[in-house]
Amino acid sequence: MEKLMEQFLEQSAQAEDNFYRMEEQRLQAEDRRREAEHARELHMLQMLGQMFASISSARPGSASALSKTTNPGPAPVISSTSPSHTRVFERFYGLGSTSHRGMEDDILSLVKNIVPPLTSKKHKGQDGRIGIIGGCQDYTGAPYFAAISALKVGADLSHVFCTKDAAAVIKSYSPELIVHPVLDSPNAVEEIEKWLPRLHGLVVGPGLGREDLLLKTAKEVIEKTKARDIPIVIDADGLWLITQQPSVIQGYQKGILTPNFMEFTRLYEALHHEPMDSSDYQRSVMQLSVAMGNLTLVLKGEQDFITDGSKVYSCSLEGSGRRCGGQGDLLSGSMGVLAHWAHAASAAGMIRSVNPSVVAAFGACSLTRQCNSQAFQQHGRSTTTSDMIQEIGSAFKKLFES
Ligand SMILES: NC(=O)C1=CN([C@@H]2O[C@H](COP(=O)(O)OP(=O)(O)OC[C@H]3O[C@@H](n4cnc5c(N)ncnc54)[C@H](OP(=O)(O)O)[C@@H]3O)[C@@H](O)[C@H]2O)[C@@H](O)CC1
Ligand SMILES: Nc1ncnc2c1ncn2[C@@H]1O[C@H](COP(=O)(O)OP(=O)(O)OP(=O)(O)O)[C@@H](O)[C@H]1O
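Numbering of residues begins from 1 in every chain and follows the order in which that chain's sequence is written. Chains and ligands are labelled sequentially in the order written, the chains with letters from A and the ligands with numbers from 1. For this predicted model, a pLDDT threshold of at least 70 governs which residues receive local features, and a threshold of 80 or more governs which side-chain atom pairs are given and counted, while totals over whole chains, interfaces and linings are taken from all residues. Side-chain metrics in this entry use all non-hydrogen atoms of the structure; hydrogen atoms and water are not considered.

- In the nomenclature of an unreviewed UniProt entry, the chain is known as ATP-dependent (S)-NAD(P)H-hydrate dehydratase of Oreochromis niloticus.
- UniProt positions are given in the numbering used here, feature names are shortened, and annotations may be inferred rather than shown by experiment. One UniProt comment on the chain, placed under Sequence similarities (unreviewed entry), says "Belongs to the NnrD/CARKD family."
- Annotation of the chain in UniProt includes, under Function (unreviewed entry), the sentence "Catalyzes the dehydration of the S-form of NAD(P)HX at the expense of ATP, which is converted to ADP. Together with NAD(P)HX epimerase, which catalyzes the epimerization of the S- and R-forms, the enzyme allows the repair of both epimers of NAD(P)HX, a damaged form of NAD(P)H that is a result of enzymatic or heat-dependent hydration."

### Let's talk about the environment of Asp184
Logical step 1: Put simply, DSSP marks the helices as runs of H or I at least four residues long and the strands as runs of E at least two long, and each gets a number from the N terminus on. The residue Asp184 is located in the loop between strand S3 (178–181) and helix H7 (188–193) in this model.
Logical step 2: Any two residues having at least one pair of non-hydrogen atoms within 4.5 Å are treated as being in contact. Sequence-distant contacts of Asp184, that is, excluding residues within four places in its chain, are made with Thr163, Lys164 and Leu214.
Logical step 3: Polar contacts, as counted here, are pairs of nitrogen or oxygen atoms within 3.5 Å of one another; within protein the pair requires one atom able to donate a hydrogen and one able to accept it, and residues that are adjacent in sequence qualify only if both atoms are side-chain atoms. Among the polar contacts listed, one links the side chain of Asp184 to the backbone nitrogen of Lys164, at a separation of 3.1 Å.

### Concerning the UniProt feature "binding site: (6S)-NADPHX" (unreviewed entry) in the chain
Logical step 1: Those places that UniProt annotates as "binding site: (6S)-NADPHX" (unreviewed entry) correspond, in this numbering, to Gly207, Asn260, Phe261, Met262, Glu263, Phe264, Thr265, Arg266 and Asp329.
Logical step 2: In this structure, Arg266 sits in helix H10 (residues 261–272).
Logical step 3: Here's how the labels work: a residue is buried when its accessible area is under 20% of the maximum for its type, exposed when over 50%, partly exposed in between, all with a 1.4 Å probe on protein chains only. Of the residues examined, Arg266 reaches a relative accessible area of 28% and is grouped as partly exposed.
Logical step 4: Sequence-distant contacts of Arg266, that is, excluding residues within four places in its chain, are made with Arg210, Trp240 and Thr243.
Logical step 5: Overall, Asp329 belongs to the buried group, its relative accessible area being 10%.

### A word on the site of ligand 1
Logical step 1: The full set close to ligand 1 counts 18 residues, and Gly207, Arg210, Asp237, Arg266 and Asp329 are the nearest of them.
Logical step 2: Between ligand 1 and Gly207 there is a distance of 2.9 Å, counted from an oxygen atom to a backbone nitrogen or oxygen.
Logical step 3: Between ligand 1 and the protein, one listed contact pairs an oxygen atom with a side-chain N or O atom of Asp329 at 2.8 Å.
Logical step 4: Looking at the shell around ligand 1 element by element, the count peaks at four residues for H10. Summary of the distance rule: residues count as near a molecule or strand when at least one heavy atom falls within 4 Å of that molecule or strand.

### Remarks on unusual backbone geometry
Logical step 1: In this structure, Asp229 is a non-glycine residue whose phi angle is positive, near 60 degrees.
Logical step 2: For Asp229, the location among the structural elements is in the loop between helix H8 (212–227) and strand S5 (232–234).
Logical step 3: Phi angles above zero are rare outside glycine, and Ala236 is one such case at about 45 degrees.
Logical step 4: On the secondary structure map, Ala236 appears in helix H9 (residues 236–244).

Following this line, the structure appears as structure tokens:
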């Protein structure tokens, strides 16, 4: 009787295993089917965009015609195959451009292009599953800000990979986040690697700290993520790691670095072995990007300078005078999602003449500044990053959906 019972339990465990395996296969097939469907939809939008673009290029006009003629329908595709469009972009986005307002408007219209439509045909996860590598005993706010911002921008799932002692604290801030207490475990890299096939974007650094062991794990995770061709945003202590070992990310075209002034100075001096020329930030940011293998860089400040080494774009949307800690985490979390959307749109041929990482970076900078401005209007001097996060929905709508 006991043996029969054992056999029965073994068989039912096996049947359960089979069921879950088949279910996993079914979900993966469904994922692939929906992704193909999504790519087809994007392709159709691209063809429509080309129709609109050719109508607008038939008219004598300015760069603004590129974005403004398309309002009634899908936004235009800016194609590198169209020399006149490329020339317009060269002129407006080139280093030393005088028409910043026009430039900002035009690149904002590219950001609008990459935002995936909200339709009832999608399932959970398709608009983005983002991972944050960060969160340790000292810093629990930073990874929370980055992860919740990713969700509020429109990712479907947001994972935080942090140390054991930070996990319960981060979970207690929000039931929306999936929190993995693995960053300081002996097999941290394997634990995180298990999730990589399911992630569309990775943000490394918010609240990571600077312990050697955690930085080593972050480095190995970056290597595994690059091998899977997933967009990576590196911020805060992730930049500390890059300053010590630039080759970890050098030349990775889906990588974006988001240094503040201090982080930028450290990185610049590590690569160029001389102090940077603080009278010309645009030149310095361009030089550093080239030295990093044309990696996309965002130098944050009164104006944000964004470059992939070919041109410098500046984002100077009005924010406020309030500089509370955590704004950079809102920026990097949002950028993780936008980078995924931009590279997906680029793969579908929807943006061609501007680097998708640059489009994503510009979108995230604009959004952060808009949130800062809106939160400041309500809270003034007492504005905090949590107040800014409350504004993400309406700021996003105002900038990218109107
Ligand atoms: N709630 C949380 O959990 C938060 C946690 N956070 C986490 O903290 C960790 C360490 O990050 P970090 O930014 O404090 O370190 P680091 O880059 O060494 O800066 C240190 C010094 O640099 C200077 N400095 C900074 N900016 C400058 C500028 N624009 N221009 C000029 N100088 C500038 C300034 O020097 P001071 O003015 O004090 O002389 C500053 O004291 C990291 O993991 C991050 O994610 C944050 O995200 C916030 C919310
Ligand atoms: N002087 C400024 N005026 C307007 N906006 C600014 C100014 N400085 C920074 N910002 C904006 O604030 C955001 C975060 O930049 P900041 O320099 O605060 O990053 P950080 O130091 O890395 O932040 P964190 O506190 O998260 O570590 C950027 O999007 C940038 O556009």
